[in-house]
Amino acid sequence: MPKLGNRLDVISESVTLKLNSLVKKMKASGEDVINLTAGEPDFLVHPSLNEKIKEALSAGKSKYTPVPGETEVREAIALKTNQQQLDLKKPWKAENVIVSNGGKHSLYQVFQAILNPGDEVVMMSPYWLSYPEMVKLGEGTPVIVETKPSDQFVATPEALEAALSPRTKAVILNSPSNPSGAVYTKSQFKQLAAVLERFPDVWVISDEIYDQIVFNDEGFCSFLSAVPEFQERTITVNGMSKSCAMTGWRVGWTVGPVELIGALTRLQGQSTSGINALAQAATLAGLALPQEYFSQLKNTYQKRRDLMLECLEKSGKIERVVPQGAFYAFVGIQSVLGSQETAVDFAENLLKEQKVAVVPGDPFGAPHFVRLSFATDEGSIQEGCRRIVSYMENKKNS
Ligand SMILES: Cc1ncc(COP(=O)(O)O)c(C=O)c1O
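The present account deals with the structure reproduced in this document.

What counts and how
Residues numbered from 1 in each chain as written. Predicted model: local features only at pLDDT ≥ 70, side-chain atom pairs only at ≥ 80, totals over all residues. Heavy atoms only, no water. Near = heavy atom within 4 Å. Polar contact = N/O pair within 3.5 Å; in protein donor to acceptor, adjacent residues only side chain to side chain. Areas by Shrake-Rupley, 256 points an atom, 1.4 Å probe, with all protein chains shown as cover. 1 Å grid on protein atoms, 1.4 Å probe; cavity = no way out; pocket = protein on both sides within 12 Å on 5 of 7 lines; lining within 4 Å. Sits in = over half its atoms within 2 Å of the grid points. Pairing = 2+ DSSP bridges. Helix = DSSP H or I, 4+ residues; strand = E, 2+ residues; numbered from the N terminus. Right-handed = clockwise from strand over helix to strand, strands pointing away. Axes fitted to C-alpha atoms, helices over the stretch in contact; angles between N-to-C directions. Contact = heavy atoms within 4.5 Å.

## Some thoughts on the site of the ligand
Then comes step 1: The ligand sits among 13 residues. The nearest are Gly103, Asp207, Ser241, Lys242 and Arg250.
Then comes step 2: Here a nitrogen atom of the ligand sits 2.6 Å away from a polar atom, N or O, in the side chain of Asp207.
Then comes step 3: At a separation of 2.9 Å, an oxygen atom of the ligand approaches a polar side-chain atom of Tyr210.
Then comes step 4: Isolated, the ligand exposes 390 Å² of accessible area, and the fraction of that covered by the protein chains is 92%.
Then comes step 5: Structurally, the ligand is housed in the largest pocket.

And the structure:
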């Protein structure tokens, strides 16, 4: 075979996808595996989304779509974003929106559009594992801000300030966070913005994909609702995967200044083109669902979260932080790790010995933690946690 190019040498394989395929294989061969790795809701889409797709099929919607998305869909996304960012000087319009093949694709394109080689992108650890890889693909350099479990994994303004430099091109915020479940309040965002005011050439990329899954009393706060004066330098990314269980239909979007959307449209026009017409029809239905629908789902997740934390309490060796959003518990396992071990070893042994799959914290920048998903049924949560507790209690440090 002729040689491959070097561009992809900088990135690693997605650990979560690799683990998931291993679990599927074990299950297929009849093993009783409890899977706590899911990064997607376990329920089906609301029937109205299927209906909209059927309508689109009957209407013969099988042709190319406009590169940045159907105008009606872009308008609906602008409206949703404006409702979450109430005090904007210039409310967003369709021209401020581009629809892409999932939030991951949206973010990938953003880094391609804004980065020059060597530009630094600041992100909070634990971070979503694709951020550093996507930054590297854009020839940028990830710069990590550490956060602490004792601060609920929320970054302090001092830590952010220490990470900023004249080379900083962007800061990624992700609230609610995958994997930590951290949720930033309005005042915490304002404090970070006070630091960023001294760096006017730095973009803020706010990944708000878990906006509908927030458990704290204050509720979800979009970055631009806390700091509307940052409108010209903020890129909001969101999508249908987590709120509407529409992971497989691949719809995400980017909202920002018109010049940015123009650049992203050029890139998308020469790569994927406009996204699937049927998925856009479903998006319209998803965006029209009443808030009550999302609140009910949120309540289901909250119940499962509480159940998971209660089950894990049975081992004093597990460090628990109460997640305020998303559907993951990010728990510390340092007390049972040997000096040479990391969470990858832990996850592999747990899977072999107790047949429970969890995601190790290493690729999230936290090698002493594991991520447990509660986007699964209560029985699996109870049995999975029972096995984890038993494994922890019996494990001898090597
Ligand atoms: C923090 C975060 N951002 C973005 C995404 C992208 O989701 P999708 O590409 O399915 O829209 C995910 C998915 O796991 C995520 O966890």
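## So, the pairing of strand β4 (residues 141–146)
Then comes step 1: As paired strands, strand β3 (residues 120–125) and β4 are joined by six bridges and run parallel to one another. Of the residues in β4, the one forming a bridge with Val122 is Val143.
Then comes step 2: For the segment spanning β3, helix α5 (residues 130–137) and β4, crossover handedness is right-handed.

## Section: the sheet that holds β3
Then comes step 1: The strand order across the open sheet built from seven strands is β2-β8-β7-β6-β5-β3-β4, with neighbouring strands paired in mixed fashion. Each having just a single partner strand, β2 (97–100) and β4 make up the two edges of the open sheet. Strand-to-strand twist in this sheet, taken as the mean axis angle between neighbours without regard to direction, amounts to 20 degrees.
Then comes step 2: Two elements, β3 and strand β5 (residues 168–174), share four bridges in a ladder whose sense is parallel. Within β5, the position partnered with Met123 by the bridge is Ile172.
Then comes step 3: Here helix α10 (residues 258–269) sits on the sheet in contact with β2, β6 (203–207), β7 (234–239) and β8 (252–255), set at roughly 30 degrees to β2.

Shape descriptors only; they carry no functional weight alone.
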